[in-house]
Every structure is written in structure tokens, then in C-alpha cells.
Amino acid sequence: MSTLFAILFYVAFATLVAGLGFKIAQYARTPAPLKIPTTPAPLTQSGAAFRVAREVVVFESLFKSNKPLWIFAILFHFGLFVVLARHLRYFQEPVWFPVALIQPLGVWGGLAMVGGLLLLTLRRMLLTRIAYITAPGDYIMLGLLIAIGASGMMMTTLTHTDVVAVKAFFLGLMRFDIRALPADPVLYAHLAMVALLMIVFPFSKLLHAPGIFFSPTRNQSDDPREKRHLCDWAAKLEAERN
Amino acid sequence: MADIQIPVLGDPDQREIPSLIPGAMAGSKPYVAQPPHQEPLGFPGELVPDWQEKALGRMGDLLSKYRSLQVYMDICVKCGACTDKCHYFLGTGDPKNMPVARQDLFRSVYRRYFTPAGKMLGAVGLGGLIGAKEFTKDLLDEWFNYFHQCSQCRRCSVFCPYGIDTAEVSMAAREIMDSIGYGQKYCNEIIGKVHKIGNNLGLPGPALIDNLEGLEEDMKDETGQDVRFPIDEEGAEVLLVTPSADFFAEPHVLGLIGYAKVFHGAGISWTLSTKATEAGNFGMFIGNYEQMRKIAMRIREAAIELKVKRIVFGECGHAWRVAYSFLTTLVGPWDFLDPRYPVPQHILEVTNGLIKKGGIKLDKSGNDKMVLTVHDSCNVARASRMGDFPGGQFVIPREVIKSCVPKFVDMHPDTTHEKTFCCGGGGGLLTDELMDIRVKGAKPRMEALKDVVDNQGVTHMASMCAICKAQFTKVLPYYGYDREMVVSVHQLVSNAIILGNND
Ligand code: HEM
Ligand code: HEM
Ligand code: SF4
Ligand code: SF4
């Protein structure tokens, strides 16, 4: 079983890195031929970077748009953030001080995450407008995250797994040394689903995480009269036509 | 036309969201372009037999050329934050007019043919799991209908947590449809007129010159002054580029008179050009970079030929987007113009600057008894700027209006500034066969207008866009208002300006 999970995680990790790498390279490579920031927009590039940072950290536009959804989204994403940060302890020795510091937040992070996800799911089912735009895949994604969260919470609060062994297994993986993984069905389920999440990440709407940094309506500065903005293909077209 | 169901107006404060009426606007579509409209632009005359393959090819091409499209196709999480933001949805209840559902018409094809998951699941008939769809003729017809029920106003983009701009998607969709011979008559016929005759309305040079001479005579009678409407005058300081509707439609022409009086009052020499008798650029509506560039090029050529020092644009929303945001990219740089002025400038920037400096004098009694509100045009509000600070596009028009009228009132804050609603006729929808969607799409704006009319005694609504003006003059009567309720901003300036005794 340990070997099976070792292989699974190597495959999942490779897929995640290669897939995301490809997508990010594609976004970076694709030109934005015209200045299209949604105005009023910051006049400088650093101002635009700050605008993107606000979108990423506090979901600024979502706040403008829908307060209940904003609360659900913040609950889920901040919970997720705390949970993931807390998980870093499985992959480092010694553990960073901030990671050690947030360890007591475990249950709260997990609760916020799963609670947020449940609220998002309910909303998706109950509001006819949202149900209309939902494909089965959207529920599957929510279900997957809820199941990961629930299995994790179960380990934290009820079944308790041998986290020292889990850590040894993952530290070993990072040195290509396969150690024994505790034989715990809840842990197996948790890890199998996490691997699945890693594999689907670069092929799904989860691309919103890297994608938001490349959104031209948010990351462009408003200076089209001051600086000529010309992409390669437009320059080529210009050279051909003149 | 009589069978249009006029929406009932509510209270803008309630932000009422309609319940879904699937298929409500499924029958609304513009006329398909015929070969004489398509071919002059280099598009196939009619739907090509291998349209699916061609369309997918063009889609791949656009995905590699426009980061916006590529990123937006991938990252929508279906959160639904945009679903209640589109005026066409609010006016019709048709779920396909929710921005995300409109995008999904495109995204379902993208998923099926351009993503690994969609190719795999689609091949075994399970594309529906992730919203991937076969590109059938029925779907193409839906594209034609619903991508012509989007005025590319970008209101959805303001509210989307990632800034996903449905306008970018509908531009791409229209570009793809043009490339397979399935274009929209209204836009393509107009672009043809620009290339052949010089402007959207197909107004030939001599008729225009005649018209301008008439205006000069009228001015002489009215004001006793030699307010001029110069055209093709080499060596003028300013080249004025303005939408062709300004040459004769009401209330547009009253705005043109305003520009002329401002230049006259301030002693700035200016000229129109028979080469650039149109500020509008429908190349943007059809998402075609080359057409947009070709149309913009006339302005550069006119400026060089007439040896002007500055370029100033008249009141028009989408024209100002192309001018402010794209002109320098498309046909810059402007090293032959006076570097002390931004290129191009908006007439409202010019007028506001003059008011501030005392270069023109105004008397509010010229607009006696009028209570004004202003309609922020979507392309001015969300796709461009005026002045040298973010949000100048809201401040400058208001400052100009306030200095011309006795009383000014803003409409509900959910319907102004960056949250402004489209007039309902933008983005290439200003055509009679789309009257139904135009009337319904105007609902949120009419609601906010009714609110200030009923509660604050507003008598007129100022607009700074040729399309908004044309749309409102048509649509206001459906809601029981006088068509003359909509006025040009420079019409107010024209009424208030004091000529003659300035010095
Ligand atoms: C840069 C980091 C990220 C940002 C700025 C971000 C932002 C957002 C926003 C604004 C939404 C829409 C509101 C909502 O429905 O909750 C959203 C939805 C979502 N996010 Fe993220 N996110 C990030 C990272 C992640 C990650 C790492 C995951 C998962 C592992 C994730 C999973 C989701 C899911 C599943 C939804 C859809 C929820 C639904 O179905 O209603 N996000 N995200
Ligand atoms: C290889 C990666 C991962 C490993 C090895 C792992 C392992 C674990 C373990 C051993 C626990 C139990 C902690 C305890 O008993 O104190 C746990 C809890 C949890 N896991 Fe994971 N997990 C991984 C990835 C993830 C991911 C990607 C998510 C979320 C999408 C997640 C969500 C949770 C949650 C919500 C809890 C409960 C709250 C907490 O203890 O922080 N896990 N995980
Ligand atoms: S751009 Fe405007 S018209 Fe088009 S979907 Fe968005 S809100 Fe609606
Ligand atoms: S607001 Fe943006 S991410 Fe949310 S459904 Fe609409 S387009 Fe998609």
C-alpha cells in the first residue's frame, strides 16, 4: 500500500507541476494586444499589482457584487489557506515558526473550510440562477473538497492517525525513500482524494488560482495615451500593411 | 413592433432580480449579413459548408492571440456573481442573458475541442459532465442570437471576482461568425459604408459641407456671431473627430453646435475632415483588430494631411473607448502632434479645462428650469478615462453639466459611475429588428430615471454618447417619456455659453 501511494503521489505531483507549468507558460506567452483594464483603474503598474493583490486577498470585486457569496467564499478560502499552511509541517523539518504558530487553528481552519463549502453547495442547489449555470462537474469539485476536508477533520478530531509516521512517509518521498504509511482507511481515503485533486487541478476551473494573476481587466495599468502598447503580432501586422 | 411587452418599472433600491424565463429571447436576432455586406470586408459571403472546422480554427487562432479570451475560458468558477448584473437579463429574465451563461455558449465549445478533459469526455459522450458541447448548427444559431444580445458594456466585468469580461467573449464570437460567413448585417453594412463613403451614416462629403454651411447661417441668425463649422482647413490647431450622427440627428447636432461655440468662444482654430467624418469604430463591435485599425487609420491620415496639432473627439462612448484606449496602439505614435496635449483628447476635457481657466464663460439661465441627471455611458465609464486621475470620466462631465445648469441630481448609485447600466442599444444592437431587446434592456436605466423624475423633479437626462442618444430618443416613448428628454452634454454648454463679450 505504501508503495502504491508513493507512486500515486509521484504521478499526482508530476501532473500538477507539469500541468500548471504548461498553463502558466501559456497564459504568460499569450499576448494581450489591447489595453482593456476595467476602469477606473490604477494609472501605474504597481497600482495594478496592488489591485490584483486586493482581488486575491480580500476578493474586492466579489465584495462589491454579492455579500453572502463573499462571506461563504472567504470562509472557504481562508479556511483552506490555514489548513494548507498547517499541512506544511508534513513536508519540512524543522518546521517554520509561522507554521508551528498556527497549529492550534487546525479545527477552526477545517471547520471554516468545510462549512464554507457546504454553504456554497447549498447556494448552488437552491438559487435557480446558480443551479442553471451549474454542470455536474461543479458539484463533483465541491464534493471532492468536502470529502477531503471531512476525512481530514475526522482524523484530527475522532480517529487520530499516526501523524509522525505520515510525516516520515512524506519526508521520505521527497528523498525518494519509501517509508511505511500508517494503515488507516481514513488516511488512505484522504490521501487518495488529495492525489485526485492534484491531478485534476490543471484541467479544471481550479485554474482560477493562477489565472487571476493574468486577467488583463485587472492587471493592466490605465495609461494607453501615455505609452504605446503594441504586441508582437500587431507589430507584425503593422509592418505588413505599411 | 407593437407587441413588445414593456417591462414594469420598479424601485432601483429594491434591486429586483427576475425569475428565470428560459427561451424568453430565443427568437430575438438581428438580420444575417448578405454577401454585399460581407465580401467588402474580406469575409465569406455566406455560411461556408465546412463552417465548423473553420470556426474551430479561428477560435484556436484567437485563443493564441488574446490572453483575455484564453484565461477567461479557463478560470470561470461558476460562482454566479455576474448573473444578476446584465441589463438584458434584468429586462428579459432569459437565463442565457446572464453573463456567465452567455460566455458558456462559447466556453462549452472551447471545453469540448480545446481542453484535454473535454476531448476525452466528449469523445465518449460525457462532455455534459463538465459543460462541454458539440459545436452544432443549433449552437451556432444560439451564438448568433445571444452574442447579439450583448452590448459589450462590461458591467459584468466589474463584478466578476476575476474581471471576466463577457464583451471580450462576444467580440471573439462575432469575429468567428464573420470568418465563416455568418456575420451581422447591421455592423458589417455600416463598416462597409465607412470604407466606401467615410462614415456610418453614409453621408457623402458634399452633403456634409452643405449641412455645415447651413449650420453657420443658423448660428449667424441666432447669435449674430460668425461661429464656424470648418472642414478640411489645413493648419487648424484641432482636428475634431465626431460621430456622424452629430451632423444632423437630434439631439446630437445640438451637441455639435456646442463644440463649435466652445472653440469659437475660446478662440481655438479647428477643423473637421472629409476623410474622418466618423468617430465611431464598429470594428470593435465585431472584434476584428484589422478592421478596427483600418477604420482608425483614416484619423491618423487626416491629422497628417491637415497638419493639425491636436486631435479631439466628440461625444461618443464606444468611439471614445477606441480613441482613448486603442488609438495609440492601433495607429500611433503621435510624434507629429503637439506633445503638450494628450492624444486624443475628449471634447469634455477641453471644455472643462476652458471653464476652469475662464477661457469660456457660462450663464446657467440659458438652461433655466431644467433639472439634469446624467447617464454615464458604459464605454466611457468602464473602458476609458478622462482627465489625469482615475474616475475623471465621472467627475469631468458632471462638472461641465453643473456649471451649465441650475440643478443637477445623480441617479441611484447602483446605476451610475462604474456600475452604470448600458442604454440598451450599444455594441452593434442599434438596429430596428432588435427593438424588443433594446426596449427591455433599457429597463434598469429607465427605472433609475423614473426614480429621480418622480422624487427629485428631474426634467432631462444628459448623455455623452451618440448611440445612447439615438437609443434613448427611440426608447423613452415606450416608457411614457418624451424623446427630447435626452440631451447632449454640449447642448447644455451651447445653451449656457456667452459669446461675443468675452474680452
Ligand atoms: C489565488 C488563490 C485563489 C483565489 C484568489 C480564489 C478566489 C476564488 C473566488 C473569488 C471564488 C468565487 C467565490 C466562490 O464561489 O467561493 C472562488 C471559487 C472557488 N475556489 Fe478559489 N481561489 C483561490 C484558490 C483556490 C484553491 C487553491 C482552490 C482549491 C483547491 C480553490 C477552490 C475553489 C472552488 C472549488 C470554488 C468554487 C466554489 C463554488 O462552487 O461555489 N480556490 N475562488
Ligand atoms: C499530501 C498532502 C496531504 C497530507 C499528507 C494530508 C494529511 C493529513 C493528516 C495526517 C491530517 C490529520 C491531522 C491530525 O490528525 O492532526 C489531515 C487533516 C486535514 N486535511 Fe489533509 N493532507 C494533505 C492534503 C490536504 C489537502 C490538499 C486538503 C484540502 C484541500 C486537506 C485538508 C485537510 C483538512 C481540512 C484536515 C483537518 C483539519 C486539520 O487538521 O488541519 N489535506 N491531513
Ligand atoms: S458585457 Fe454588458 S451586455 Fe454583455 S453580458 Fe456583460 S453586462 Fe451583459
Ligand atoms: S462572476 Fe465571473 S467567475 Fe463568477 S460566474 Fe460570472 S464570469 Fe464566472
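Structure: see above.
Only a predicted model underlies this, so the values are computations on that prediction, with no experimental measurement involved.

Rules of the game
- Residues numbered from 1 in each chain as written.
- Chains lettered and ligands numbered in written order.
- Predicted model: local features only at pLDDT ≥ 70, side-chain atom pairs only at ≥ 80, totals over all residues.
- Heavy atoms only, no water.
- Helix = DSSP H or I, 4+ residues; strand = E, 2+ residues; numbered from the N terminus.
- Rg over C-alpha atoms; globule rule 2.2 N^0.38 Å.
- Buried < 20%, exposed > 50% of the residue type's maximum accessible area, 1.4 Å probe, protein only.
- Contact = heavy atoms within 4.5 Å.
- Lys, Arg positive; Asp, Glu negative; His and termini not counted.
- Charge placed at Lys NZ, Arg CZ, Asp CG, Glu CD.
- Near = heavy atom within 4 Å.
- Polar contact = N/O pair within 3.5 Å; in protein donor to acceptor, adjacent residues only side chain to side chain.
- 1 Å grid on protein atoms, 1.4 Å probe; cavity = no way out; pocket = protein on both sides within 12 Å on 5 of 7 lines; lining within 4 Å.
- Sits in = over half its atoms within 2 Å of the grid points.
- Nonpolar A, V, L, I, M, F, W, Y, C, P; charged D, E, K, R; others polar.
- Donors = N, O, S within 2.8 Å, 3.2 Å for Na, K, Ca; no water.
- Points joined across faces, edges and corners; volume = space filled by probe spheres on them.
- Core = buried A, V, L, I, M, F, W, Y, C linked by side-chain atoms within 4.5 Å.
- Tetrahedral: all angles 85-135°; square planar, octahedral: opposite > 155°, others 65-115°.
- Pairing = 2+ DSSP bridges.
- Axes fitted to C-alpha atoms, helices over the stretch in contact; angles between N-to-C directions.

Peer 1: Can you walk me through the overall build of chain B in this structure?
Peer 2: Helix and strand counts for chain B come out as 21 helices and ten strands. For 503 residues, the compact-globule formula gives about 23 Å, and the C-alpha radius of gyration of chain B, at 23 Å, lands near that figure. C-alpha extents for chain B along the principal axes are approximately 80 × 50 × 40 Å. Relative to its 503 residues, chain B shows a buried fraction of 65%. Excluding contacts between residues fewer than 6 apart, the proportion of contacts in chain B whose partners are at least 24 apart in sequence is 80%. Mean positive and mean negative side-chain charge positions of chain B (54 and 61 charges, respectively) differ by 5 Å.

Peer 1: What should I look at first to understand the site of ligand 1 in this one?
Peer 2: For ligand 1, the set of nearby residues contains 21 residues, the closest of which are Ala73(A), His77(A), Arg124(A), His208(A) and Tyr162(B). Surrounding ligand 1 is a set of residues that belongs to chains A and B. Between a nitrogen atom of ligand 1 and a side-chain N or O atom of His77(A), the distance comes to 2.7 Å. For ligand 1, a nitrogen atom lies 3.2 Å from a polar atom in the side chain of Tyr162(B). Within the residue set of the shell around ligand 1, elements represented by two or more residues are α4 (67-87), α6 (106-126), α8 (136-159) and α11 (208-211) of chain A. Top contributing element to the shell around ligand 1 by residue count: α4(A), with five residues.

Peer 1: How should I be thinking about the site of ligand 4 in this particular structure?
Peer 2: Residue and element names in this part refer to chain B. Among the 13 residues in the neighbourhood of ligand 4, the closest are listed as Cys76, Cys79, Gly80, Cys82 and Cys160. Spatially, ligand 4 is embedded in the second largest cavity. Its residues assigned to classes, the shell around ligand 4 comprises ten nonpolar, two polar and one charged.

Peer 1: Explain the coordination of the iron atom of ligand 2 to me, please; I cannot follow it from the model alone.
Peer 2: Around a metal, the idealised angle for a tetrahedral arrangement of four donor atoms is 109.5 degrees; for an octahedral arrangement of six donor atoms it is 90 or 180 degrees. Here the iron atom of ligand 2 is held by His87(A) (NE2) and His190(A) (NE2), and the distances to it run 2.0 to 2.1 Å. Classification of His190(A) as buried rests on a relative accessible area of 9%.

Peer 1: I tried to follow the layout of surface pockets on my own but got confused; where do I start?
Peer 2: Over the atoms a probe the size of a water molecule is rolled, and this reveals where empty space is left. Volume-wise, the second largest pocket comes out at about 920 Å³. Together, 38 residues line the second largest pocket, and Val200(A), Phe203(A), Ser204(A), Ala117(B) and Ile130(B) are the ones closest to its centre. Taken together, the residues that form the lining of the second largest pocket break down as 22 nonpolar, nine polar and seven charged.

Peer 1: Just to check I follow, could you spell out the nonpolar core for this structure?
Peer 2: As a rule of thumb, nonpolar side chains are buried together in soluble globular proteins. Ranked by internal contacts, the top residues of the largest apolar core, which has 156 residues, are Phe106(B), Phe135(B), Trp143(B) and Phe229(B). Per-element tally for this core: the top contributor is helix α14 (residues 317-331) of chain B, with nine residues. Excluding residues that lie within four positions of it along the chain, Trp143(B) makes contacts with Met59(B), Leu105(B), Phe106(B), Val109(B), Phe135(B), His148(B), Ala173(B), Ile176(B) and Met177(B). Counting 70 residues, the second largest nonpolar core, distinct from the first, contains Phe170(A), Ile212(A), Met25(B) and Tyr72(B).

Peer 1: Looking at this structure, I do not really get the coordination of the iron atom of ligand 1. What am I missing?
Peer 2: Residue and element names in this part refer to chain A. At 2.0 Å from the iron atom of ligand 1 lie its protein donor atoms, namely His77 (NE2) and His208 (NE2). Note that the iron atom of ligand 1 binds six donor atoms; their angles at the metal cover 86 to 178°, and the shape is octahedral. In this pair, histidine 77 is assigned in helix α4 and histidine 208 in helix α11, connecting sequence segments 131 residues apart. Residue class for histidine 77 comes out partly exposed when judged on its relative accessible area of 27%.

Peer 1: Just checking my understanding: could you explain the sheet that holds strand β3 (residues 310-313) of chain B for this structure?
Peer 2: Remark on secondary structure: sheet strands pair via backbone hydrogen bonds, oriented parallel or antiparallel. All names here are of chain B. In space, the four strands of this open sheet follow the order β2-β1-β3-β4, with parallel pairing throughout. Of all the strands in the sheet, just β2 (270-271) and β4 (345-346) have a single pairing partner and so form its edges. Bridge count between β3 and β4: two bridges; the pairing is parallel. Bridged to phenylalanine 313 within β4 is histidine 346. Strands β1 (238-241) and β3 of the sheet are contacted by helix α13 (residues 289-305), whose axis makes an angle of about 155° with β1. Running at roughly 145° to β3, α14 makes contact with β3 and β4 of the sheet.

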